[in-house]
Amino acid sequence: MINLAVEVAGIKVKNPVMTASGTFGFGREYSKFYNLSLLGAIMVKGTTLEPRLGNPPPRLAETPAGLLNCIGLQNPGVDAVIKEEIPWLSQYDVPIIVNISGHSLEEYGEIALRLDGVAGVAGLEINISCPNVKHGGLAFGTEPQMAADVIRTVKDKSKLPIIAKLSPNVTDITEIAKAVEAAGADAISLINTLLGMAIDIKTRRPVLSNIVGGLSGPAVKPVAVRMVWQVARAVKIPIIGMGGIVSAEDAIEFLLAGASAVAVGAGNFYDPLAPLKVIEGIKAWLEQEKIADIRELIGAVKIC
Ligand SMILES: Cc1cc2nc3c(=O)[nH]c(=O)nc-3n(C[C@H](O)[C@H](O)[C@H](O)COP(=O)(O)O)c2cc1C
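A quick note: this is a predicted structure, and the numbers were derived from the prediction, not measured.

## Thoughts on the pattern of salt bridges
Evaluated as defined, the whole model comprises 14 salt bridges. With a shortest N-O distance of 3.9 Å, Lys12 and Glu7 are connected by a salt bridge. Overall, Lys12 belongs to the exposed group, its relative accessible area being 64%. Among the salt bridges present, the one from Glu106 reaches Lys134, with a minimum N-O distance of 3.0 Å. You can see Glu106 sitting in helix 2 (residues 105–115) and its partner Lys134 sitting in the loop between strand 8 (121–127) and helix 3 (144–157), a full 28 residues away along the chain. Take Glu106 and Lys134: they sit in the same class, and that class is exposed. If you follow the salt bridges from partner to partner, you end up with Asp79, Glu110 and Arg114 in one network.

## Brief notes about the nonpolar core
Among the nonpolar cores identified, the biggest contains 98 residues, and Ile126, Ile128, Leu166, Leu190 and Ile282 are the most heavily contacted of them. Excluding its chain neighbours within four sequence positions, the residues that come into contact with Ile282 are Leu4, Val17, Ala248, Ala251, Ile252 and Ile294.

## Overview of the UniProt feature "binding site: FMN" (unreviewed entry) in the protein
According to UniProt, the positions carrying the feature "binding site: FMN" (unreviewed entry) are Ser21, Lys45, Gly46, Asn99, Asn127, Lys165, Ile191, Gly217, Gly243 and Gly244. Tracing the backbone shows Ile191 in the loop between strand 10 (187–190) and strand 11 (194–197). By relative accessible area, Ile191 is classed as buried at 5%. Setting aside residues no more than four positions away along its own chain, Ile191 makes contact with Lys165, Leu166, Pro168, Val220, Ala224, Met227, Met242 and Gly243. By relative accessible area, Gly217 is classed as buried at 5%. Apart from residues lying up to four places away in sequence, Gly217 is in contact with Ala65, Gly66, Gly243, Gly244 and Ala266.

The rules behind each value
Residues numbered from 1 in each chain as written. Predicted model: local features only at pLDDT ≥ 70, side-chain atom pairs only at ≥ 80, totals over all residues. Heavy atoms only, no water. Salt bridge = Lys/Arg side-chain N within 4 Å of Asp/Glu carboxyl O. Buried < 20%, exposed > 50% of the residue type's maximum accessible area, 1.4 Å probe, protein only. Helix = DSSP H or I, 4+ residues; strand = E, 2+ residues; numbered from the N terminus. Core = buried A, V, L, I, M, F, W, Y, C linked by side-chain atoms within 4.5 Å. Contact = heavy atoms within 4.5 Å. UniProt positions renumbered as here; feature names shortened; annotations may be inferred.

This is the structure in structure tokens:
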């Protein structure tokens, strides 16, 4: 029997494969393709205090090896998520991690407070890539002090495990990682999308309504693996790695770099069954390599 179970931030998962926030909605569409209980965990769409419509279209653009998006945190708001989405998703035997976003510390705190104690919620993933309106739009996650302030605020309002989701749009990711660990984060997930831009050469206009957007998919994988490796050496808390994972081999790379679990994001769009294929592929690879426990892979990259 091969062990695929791991524990991240005190959340026990039957396998290390999750779905990345914003690429899986609240799971309803994917539930038509497979039994969601097969997943390690589900990270649901970014949730804000009030409902948000997101940015106007066009808000998706394909690039040669990735996807640019400027969805803009479209979501029904935390109260609707608590009332409609979590109870529905709770029918499945899978931990639900709610991804939250805010424009101010107060907003982050209020969302965390409302989700605290909600049946079925296993943890909070804190998206600190949002612009802080009080600091002139600078993203919380690009400055260690601001990142730490967000984590301290949500820790104070909630007893749930707190996972800090880091932005890769920084010079030194380890500074931010150490700051959120010191502020009490129970785990770190990375990476969020990399800022990118695409231009339609005929119209000479940006393809996205927002001009710039977040790049994800296979194009970002080497950046993500590098950041997971750097952060794994800088902190003691577990890491959920993501960025371009579409196969078991991709996921194994992240585990070797130091991730305790992984998430599939843009991969869900071109193959709704991608997370299941990653789970099955990891299992087959462990069997082939005669490795009895997936935990043996975590951080096992050989650097001489
Ligand atoms: C369409 C889309 C929407 C996303 N929405 C969110 C979000 O609401 N909150 C968040 O923290 N990350 C969001 N992300 C980032 C993903 O969760 C993930 O971190 C990133 O896409 C890297 O993984 P991937 O390369 O497998 O897509 C979104 C990504 C995409 C492609």
